[in-house]
Amino acid sequence: MKKLSAAALAVLPLAALAAKPLTVCTDANPEGFDVVQYNSLVTTNASADVLMDRLVEYDAAAGKLRPGLAGSWEVSADGLAYTFHLRSGVSFHGTDYFKPTRKLNADDVVQTFDRMLNPDNAWYKTAPAGYPHAQSMQFPKLIKAVRKLDPLTVRFELNYPEATFLSSLTMGFASIYSAEYMAQLLAAGKTGELNSKPIGTGPFVFRSFSKDALVRYAPNPTYFGAKPKVSALIYAITPDSNVRLQKLRAGECQIALSPKPQDVQAAKTDGRLQVSQTPAFMTAFVAFNSQKKPLDNPQVRQALNLAFDKANYLKTVFGNTAGAASLVYPPNTWSYDKAIKPYAYDPAQAKKLLAQAGYPNGFDATVWVRPSGSTLNPNPKAGAEMLQADLAKVGVKLQIKVLEWGELIKRGKAGEHEMLFMGWAGDNGDPDNFLTPQFSCPAVQSGTNFARYCDGRLDKLIADGKKTSDFKTRAKLYQAAQRIIHEQALWLPLAHPIAYGLARKEVSGYAVNPYGRVNFVSVGLK
């Protein structure tokens, strides 16, 4: 290890001398770092949230959009053109594998989106599973062109107005890439390194990744926004929540994500620790693959909803850290249809529906579950066993299959599952962040629609809801969509959790985000 000389120390700012490394105990490996290829929060947290920026950002605390890489923007009167004015002087990361020769400009924005939208782009086919968010959000259909007007001005031309377009640009998949770095990798025949050696403009710079162990980042000294207060950021990948708590208490990490409810209670009585919490804009659910028999029958799906004792599940798995889920998104979301009655726990009625559907003796099925706990599923083993026991009472013999998180996501997106425990977090508080990615027809193709359900009526309601900026009109369309989703019983909705994060008392500036995103720029260590 190199030591700084006295002369070198003399020129460092006092803040740099006082800064300490921040270690965060996380619950799973990221799938990769080329965020446009993936749709899990674990990957977004490890890539988009720390390494990259977007044209527009969503301020969770204020509940509104704010400038990102674009300092300002204008929208045409007809809603078909969005003109973004980029900040000048923004630098991409400099690393041992890439040295930028210029600042961020319009070419980077054009290449970022052209890669996802244009089959003729040399980068288009380098993502093996495609671009799930861009495809499910129907960006290829929506965006007519992305044009460079001058080095710092970009215009998006749309084929039709869409009220959610700006909000969608705050999502991780809309992070801006370096066109110069992509050209370098393409010329060297190393396109895969975009996923293993990422480059962005964000507050932290990628250093290394050891699977099942660590992700290391360094603060970005040229970041255009507020500079990180720590000397390094380390993700310590720790799937077992008990071990995360042990490491936190021992000072091996200063923040622990996705704690179990009992860990939260333990932390509240530990004078060395502090608890951050917020109601999460998330839904935990079991998805039914409507393309596989007998789950293609709505009566069967309704029966499974009736057969599960959700109240017992919430008490056992979540304790007092979640509310019961009845519909797609949390009840404090605008357009939530309070008139829809949830499925009650009624095993007798479940048996009747199964008999009517032609399964008087039940059937065999498999449910997939991840091995480690998370905010949306604190105790996967217990929850799966409870579902297994309840379904057995109505004749359904359920086999539990445990899959590593990355494998579960990959195979679930391919539609290989029958049932799987899953969760979804909206990025910006808009109901469409649940509806389009989870229930539209394009989302079946992109893989984010885990119910694998494509219905013309439902698809039109979702699409029409995005075409108007009138809240009352959108709310009516989304309520109609919720009724179809509920009647078809595409999910077994489980919970709307409270999101918790645990930290040591010496940590300052840390807050849990209701949308599952992370921001460690403001975090400091006393």
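Everything numeric here is computed off the predicted structure, so don't read it as measured data. (Residues numbered from 1 in each chain as written. Predicted model: local features only at pLDDT ≥ 70, side-chain atom pairs only at ≥ 80, totals over all residues. Heavy atoms only, no water.)

Some details on the overall build of the protein
Here comes step 1: Helix and strand counts for the protein come out as 21 helices and 20 strands.
Here comes step 2: Scaling as 2.2 N^0.38, a compact globule of 526 residues should have a C-alpha radius of gyration of about 24 Å, and the protein matches this with 23 Å.
Here comes step 3: Projected onto the principal axes, the alpha-carbon positions of the protein cover approximately 80 × 55 × 45 Å.
Here comes step 4: Counting all 526 residues of the protein, 59% fall into the buried class.
Here comes step 5: At a minimum sequence separation of 6, the contacts of the protein that also span at least 24 residues come to 71%.
Here comes step 6: Summing over all exposed atoms, the protein offers an accessible surface of approximately 21000 Å²; the carbon and sulfur share of this is 52%.
Here comes step 7: Taking the average place of the 60 positive charges on the side chains of the protein and the average place of its 44 negative ones, the gap between the two points comes to 4 Å. (Helix = DSSP H or I, 4+ residues; strand = E, 2+ residues; numbered from the N terminus. Rg over C-alpha atoms; globule rule 2.2 N^0.38 Å. Buried < 20%, exposed > 50% of the residue type's maximum accessible area, 1.4 Å probe, protein only. Contact = heavy atoms within 4.5 Å. Areas by Shrake-Rupley, 256 points an atom, 1.4 Å probe, with all protein chains shown as cover. Lys, Arg positive; Asp, Glu negative; His and termini not counted. Charge placed at Lys NZ, Arg CZ, Asp CG, Glu CD.)

Some remarks on the sheet that holds strand E5 (residues 81–86)
Here comes step 1: Strand order in the open sheet formed by 4 strands is E4-E5-E7-E6, with antiparallel pairing between adjacent strands. Strand pairing shows two members of the sheet lacking a second neighbour, strand E4 (70–75) and strand E6 (143–150), which therefore form its edges. For this sheet, the mean angle separating the axes of adjacent strands, direction not counted, is 20 degrees.
Here comes step 2: The sheet strands contacting helix H5 (residues 106–117) are E5, E6 and strand E7 (153–158), and the helix crosses E6 at an angle near 165 degrees. (Pairing = 2+ DSSP bridges. Axes fitted to C-alpha atoms, helices over the stretch in contact; angles between N-to-C directions.)

Observations concerning the packing of aromatic side chains
Here comes step 1: Inspection of every chain in the model, using the stated rule, returns 27 aromatic pairs.
Here comes step 2: With a centroid separation of 5.5 Å and an interplanar angle of 80 degrees, the aromatic rings of Phe84 and Phe156 are classed as edge-to-face. Of this pair, Phe84 sits in strand E5 while Phe156 is found in strand E7, placing the two residues 72 residues apart along the sequence. Each of the two residues, Phe84 as well as Phe156, counts as buried.
Here comes step 3: With a centroid separation of 5.4 Å and an interplanar angle of 65 degrees, the aromatic rings of Phe139 and Phe173 are classed as edge-to-face. Separated by 34 residues along the polypeptide, Phe139 in helix H7 (residues 139–142) and Phe173 in the loop between helix H8 (165–168) and helix H9 (179–188) bring together distant segments of the chain. Judged on exposure class, the residue Phe139 and its partner Phe173 are both buried.
Here comes step 4: Members of the aromatic cluster, connected to one another through ring pairs, are Trp73, Tyr82, Phe84, Phe113, Phe139, Phe156, Phe165 and Phe173.
Here comes step 5: The ring of Trp405 is capped by Arg370, whose NZ or CZ atom sits 4.4 Å from the centre of that ring. (Phe/Tyr/Trp six-rings, centres within 6.5 Å; stacked < 30°, edge-to-face > 60°. Lys NZ or Arg CZ within 6 Å of the ring centre and 35° of its normal.)

Description of the packing of helix H13 (residues 298–307) against helix H15 (residues 347–356)
The packing of two helices is summarised by the inter-axis angle and the distance between the axes.
Here comes step 1: Across the interface, H13 lies against H15 with an axial gap of 8 Å and an inter-helix angle of 165 degrees. Relative to H15, the element H13 is oriented roughly antiparallel. In terms of crossing hand, the pair formed by H13 and H15 is left-handed. Here Gln299, Val300, Gln302, Ala303, Leu306 and Ala307 of H13 come into contact with H15, specifically with Pro347, Gln349, Ala350, Leu353, Leu354 and Gln356.
Here comes step 2: Residues that form the contact of H13 with H15 fall into these classes: 8 nonpolar, 4 polar and no charged. (Parallel < 35°, antiparallel > 145°, perpendicular 65-115°, else oblique. Left-handed = near helix turned anticlockwise from the far one by under 90°. Nonpolar A, V, L, I, M, F, W, Y, C, P; charged D, E, K, R; others polar.)

Considering the pattern of salt bridges
When their charged atoms lie close together, side chains carrying opposite charge are able to pair.
Here comes step 1: Scanning all chains against the criterion turns up 22 salt bridges.
Here comes step 2: Close ionic contact of Arg155 with Glu157 constitutes a salt bridge, the shortest N to O distance being 3.0 Å.
Here comes step 3: For Glu157, a relative accessible area of 14% puts it in the buried group.
Here comes step 4: One continuous salt-bridge network, built from bridges that share partners, spans Asp49, Asp427 and Arg517. (Salt bridge = Lys/Arg side-chain N within 4 Å of Asp/Glu carboxyl O.)

A word on empty space enclosed by the protein
Here comes step 1: By the definition in use, this model includes 4 cavities of 30 Å³ or more.
Here comes step 2: Put simply, the second largest cavity is a space of about 100 Å³.
Here comes step 3: Lining the second largest cavity are Asn305, Ser326, Leu327, Val328, Tyr343, Gln482, Ile485, His486, Ala489, Leu490, Trp491 and Pro493.
Here comes step 4: Those elements giving two or more residues to the lining of the second largest cavity turn out to be helix H21 (471–488) and strand E18 (491–504).
Here comes step 5: A per-element tally of the lining of the second largest cavity places H21 first, with 3 residues. (1 Å grid on protein atoms, 1.4 Å probe; cavity = no way out; pocket = protein on both sides within 12 Å on 5 of 7 lines; lining within 4 Å. Points joined across faces, edges and corners; volume = space filled by probe spheres on them.)

With respect to the domain arrangement of the protein
Here comes step 1: According to the domain assignment, the protein contains domain 1 (19–253 + 505–523) and domain 2 (280–497).
Here comes step 2: Facing 33 residues of domain 1, the contacting portion of domain 2 comprises 34 residues.
Here comes step 3: Of the roughly 2500 Å² buried where domain 1 meets domain 2, counting both sides, 56% is carbon and sulfur surface.
Here comes step 4: In terms of surface lost to domain 2, no three residues of domain 1 exceed Asn39, Ser136 and Tyr515, which account for 20% of the buried area on that side.
Here comes step 5: There are 3 salt bridges connecting domain 1 and domain 2.
Here comes step 6: Across the pair Arg517 and Asp427 runs a salt bridge, and its minimum N-O distance is 3.2 Å. (Domains from an automatic or database assignment. Buried area = accessible area lost by both parts, 1.4 Å probe.)

Some remarks on the state of the cysteines
Here comes step 1: Going through the model one piece at a time under the given rule, you end up with 2 disulfides.
Here comes step 2: Here Cys25 engages in a disulfide with Cys253; their sulfurs sit 2.5 Å apart. An S-S torsion of about -105 degrees defines the bridge between Cys25 and Cys253 as left-handed. Here Cys253 lies in the loop between helix H11 (241–250) and strand E11 (255–257) and Cys25 lies in strand E1 (residues 21–26), a separation of 228 residues in the sequence.
Here comes step 3: Note on Cys25: relative accessible area 0%, which makes it buried.
Here comes step 4: Here Cys441 is linked by a disulfide to Cys454, with a sulfur-sulfur distance of 2.0 Å. The sign of the S-S torsion, about 95 degrees, decides the handedness of the disulfide formed by Cys441 and Cys454: right-handed. Here Cys454 lies in the loop between helix H19 (441–446) and helix H20 (456–467) and Cys441 lies in helix H19, a separation of 13 residues in the sequence.
Here comes step 5: Counting only the cysteines that form disulfides, in the order they appear in the protein, gives the pairing 1-2, 3-4. (Disulfide = S-S within 2.5 Å.)

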